[in-house]
Amino acid sequence: MWYRASVPTPAPLRRALVSVSDKSQLDVLAELLIAHKVEVLSTGGTHRALAELGVAVVKVSEFTGAPEILDGRVKTLHPKIHGGILALPTEDHARELELHQIAPIDLVVVNLYPFRETIRKPGCSFADAIENIDIGGPTMVRAAAKNWGRVGVVVDPNDYARLAEVLAEHGGALPDSVRRSFARKAFAHTASYDAAIADYLARHDDEGQAIDAAAITPGLFVSGEPLVELRYGENPHQPARFFRTDYAAAEQTGLDRALIHQGKALSYNNLLDADAALGLIRDLHAGLPEGGRAAAVFKHLSPCGAALGSREESLAETFIRARQADAESAFGGIVSVSEAVDAATAERLVETFLEVVIAPGYSPEARKILAKKKRLRVLELPEMFSPSSGPPPLRLRSVAGGVLVQREDLIGVAAKDGQVPTERSPSAAELTSLDLGQRVAKHVRSNAIVLVREGATVGIGGGQTSRVEAVRQAISRAGDAAKGAVLASDAFFPFRDSIDAIAAAGVTAVVQPGGSMRDAEVIAACDEHGVAMVFTGERHFRH
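Note that the structure is a prediction, hence the values are computed from the model and not measured.

K.L.:
Whenever I open this one, the pairing of strand β14 (residues 394–399) confuses me. Can you help?
P.N.:
Regular strands have side chains that alternate between both faces of the sheet. Relative to strand β15 (residues 402–407), β14 runs antiparallel, the two being bridged by 6 bridges. In the sheet register, R395 faces β15, and the bridge partner there is Q406.

K.L.:
Can you walk me through the packing of aromatic side chains in this structure?
P.N.:
In this description, a pair of aromatic rings is defined by centroid distance and the angle of the planes. Taken as a whole and judged by the stated rule, the model has 4 aromatic pairs. Ring geometry for F115 versus Y200: centroids 5.7 Å apart, planes at 90°, classification edge-to-face. Placement of F115 in helix α6 (residues 115–120) and of Y200 in helix α10 (residues 176–202) is noted, with a sequence separation of 85 residues between them. Owing to a relative accessible area of 5%, Y200 belongs among the buried residues under this scheme. Judged by centre distance (6.0 Å) and plane angle (15°), the rings of F126 and Y200 are stacked. Here the residue F126 occupies a position in helix α7 (residues 126–131), and Y200 occupies one in helix α10, the gap between them amounting to 74 residues. A relative accessible area of 28% means that F126 is categorised as partly exposed. Among the aromatic residues, those joined into a cluster by ring pairs are F115, F126, Y193 and Y200. The ring of F182 carries R162 above its face, with NZ or CZ at 5.0 Å from the centroid. Here the guanidinium or amino end of R539 rests over the ring plane of F541, the centre of that ring lying 4.1 Å away.

K.L.:
How should the packing of helix α4 (residues 79–86) against helix α8 (residues 136–146) be read in this particular structure?
P.N.:
Helix-helix packing is characterised by the crossing angle of the two axes and by the distance between the axes. At a minimum axis distance of 8 Å, the contact between α4 and α8 shows a crossing angle of 25°. Regarding the angle of α4 to α8, the classification is roughly parallel. Together, I81, H82, I85 and L86 of α4 and T139, M140, A143, A144 and K146 of α8 make up the contact between the two elements.

K.L.:
Is there a simple way to think about the domain arrangement of the chain in this case?
P.N.:
A common way to state how big an interface is: give the accessible area lost once the parts meet. With domains assigned, the chain is organised as domain 1 (15–202), domain 2 (256–380) and domain 3 (415–535). One C-alpha centre belongs to domain 1, the other to domain 3, and the line joining them spans 62 Å.

K.L.:
Help me out: how do you make sense of the sheet that holds strand β1 (residues 15–20) in this one?
P.N.:
Ordered in space as β3-β2-β1-β4-β5, the 5 strands form an open sheet in which the pairing is parallel. Each of the sheet's edge strands pairs with one partner strand only, and the pair in question is β3 (57–59) and β5 (152–154). The sheet shows a mean angle of 20° between the axes of neighbouring strands, taken without regard to direction. By the bridge criterion, 3 bridges tie strand β2 (residues 39–42) to β3 in an arrangement that is parallel. Following the sheet pairing, S42 is matched in β3 by K59. Sheet contacts for α8: β1, β4 (107–111) and β5; angle to β4, the most-contacted strand, approximately 140°.

K.L.:
Sorry if this is basic, but what is going on with empty space enclosed by the protein here?
P.N.:
Regions of empty space are outlined by a rolling probe, equal in size to a water molecule, passed over the atoms. Scanning the entire structure with this criterion turns up 1 cavity of 30 Å³ or more. Among the secondary structure elements, those contributing two or more residues to the lining of the largest cavity are α16 (428–441), β18 (486–489) and β19 (509–512).

K.L.:
Looking at this model, I keep getting lost on the pattern of salt bridges. Mind explaining?
P.N.:
Close approach of charged atoms allows side chains of opposite charge to pair. Enumeration over the complete set of coordinates arrives at 26 salt bridges. Across the pair E408 and R395 runs a salt bridge, and its minimum N-O distance is 2.7 Å. Taken as a pair, E408 in the loop between β15 and α16 and R395 in strand β14 lie far apart in primary sequence, 13 residues in all. Taking the relative accessible area as the measure of exposure, E408 reaches 28% and is therefore partly exposed. Looking at R395, the relative accessible area reads 31%, which means it is partly exposed. Taking the shortest distance from any N to any O, the salt bridge between R424 and E430 comes out at 3.2 Å. R424 gets classed as partly exposed once you look at its relative accessible area, which sits at 31%.

K.L.:
Sorry if this is basic, but what is going on with the environment of R184 here?
P.N.:
Tracing the backbone through its elements, the reader meets R184 in helix α10. Judged by relative accessible area, R184 falls into the exposed class, the value being 54%. Along the backbone, R184 and P122 are 62 residues apart, and their C-alpha atoms lie at a distance of 33 Å.

Here is what the cut-offs are and how they apply
Each chain carries its own residue numbering, running from 1 in the direction its sequence is written. It should be noted that, the model being predicted, local features are given only for residues of pLDDT at least 70 and side-chain atom pairs only at 80 or more, the latter also being counted only at that level, while totals for whole chains, interfaces and linings use all residues. Water and hydrogen atoms play no part in the side-chain values, which are based on all heavy atoms of the structure. Any two strands between which DSSP finds at least two bridges are classified as paired. Each helix is a run of DSSP H or I of at least 4 residues and each strand a run of E of at least 2, with the numbering of both proceeding from the N terminus. Note on aromatic pairs: the rings of Phe, Tyr and Trp (six-membered ring only in Trp) are paired at centre separations within 6.5 Å, and the planes decide the class, stacked below 30 degrees, edge-to-face beyond 60, tilted for the rest. Note on exposure labels: buried denotes an accessible area under 20% of the residue type's maximum, exposed denotes more than 50%, and partly exposed covers the range between, all computed with a 1.4 Å probe on protein chains only. Consider the ring centre and the ring normal. A charge sits over the ring if Lys NZ or Arg CZ is within 6 Å of that centre and within 35 degrees of that normal. Only the stretch in contact is used when a helix axis is fitted, and all axes are lines through C-alpha atoms; the angle between N-to-C directions ranges over 0 to 180 degrees. When describing relative orientation, an angle under 35 degrees is termed roughly parallel and one over 145 degrees roughly antiparallel, while 65 to 115 degrees is termed roughly perpendicular and anything else oblique. Contacts are residue-level and defined by heavy atoms, with any inter-residue pair within 4.5 Å sufficient. These domain boundaries are the output of an automatic or database domain assignment. Lining residues are those with an atom within 4 Å of a point, where the points come from a 1 Å grid over the protein atoms alone and group into cavities, where a 1.4 Å probe fits but cannot get out, or pockets, open sets with protein on both sides within 12 Å along at least five of seven lines. Grid points are joined across faces, edges and corners, and a volume is the space filled by probe spheres set on the points. In what follows, salt bridge is the name for a side-chain nitrogen of Lys or Arg lying within 4 Å of a carboxyl oxygen of Asp or Glu.

In structure tokens form, the structure reads like this:
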């Protein structure tokens, strides 16, 4: 009898069902099935592929005695399949299987119709998407995962090698711990698959027409693939893990795709800072003139300094100006740059203790120089500036009792496109600096004030409970460099006190959203001091 009420060691695999859309590494699977003399059942293209690899494979339709029907929509939905998968190793189930002439199935190897890949194709119709919703596959996967106490289930081709090793080590059998591990992954796989379908349907109306892409759907479906367990969270007593999420698939390349060349493992705080630095360098890159370059330094989720360089300036020189904006705070910071790091820039980077460097690439000479700092994490994102598809990405933030969801904040109105309410208009040079300040201010905690002079930040004030205090902080950090600088504010000035303070420090131009009930008072103060001002009508709070 095949059943077992309590057996200390699992029985060898005798029968497997294989039906995979992703046929990568199928040769590895074929080899282990042949080696362990496993009877194999399969369908369609998988049957043909396995036969070509030398596997003695039986068609599911021959095994069940029922043909594939409805254009292949019904193939594996049959009692001989699901009875064989779901049967428990008990005498009662054994008798019932024998009565109905059902053979037990010990291993299910299935991955699903490529729904995500289909909906990402340009011009994918609603009908195409619906047709690529797998039914039989998830049903078999869930059945096998539910019955992990007897049945093994594999959904990832990358697990074929592990499966082969385990079977070789255990005489063709799968230990309970391995089956349980595979089952957890299988349920995560089907949950993620269903989340992708639910998200797609939430973004289409009853007629199958796409709803406003920028709208936030009434349902939130988030699934994640664990990438790494972090040493701890913000503090040593907090457990933490990094997940790759499906809902972010249409975004620009993220930290989940980074090539890590060296250094200690990334921590929770490192990843937060690296993400912030990546966001700022992308904003700076978007505003670069042809041939220009940019560098940014972050610390504790706040910019310490940022600089734009012309075609004539080297990346090393641009980085130095970004670092010198607040050299003290740059110690232990995160650096992001807009182009591949060369040897000269690497030499400058290693002058300061840094936690992380992010760049689209590194020269071999730069890698050797950076390797001298063994603890420094060196991250490469070759496609860090690739455009995202669709609307601004979603951003999630947890609060007690739930999750807040919004679209990412994008700059829609640049300083050069704003309205000038003052008697004096900013010069071309001032507009360039105002643009830089505006892009940096978006990444500073509110209230945010950024002073810029000659293509680099010279003073940043943020996280204050009053705007005038943020102004004082930025002026204090800038010192003498405030004279001749311009200022960017993330929100309007409620009173003229900030204008009086910046005029006294020598600031010449301002960009801000406007919209205060005292705008007229603020405009009058600017005219009184000869300060040019631009209204964008667009607030960029970072709360």
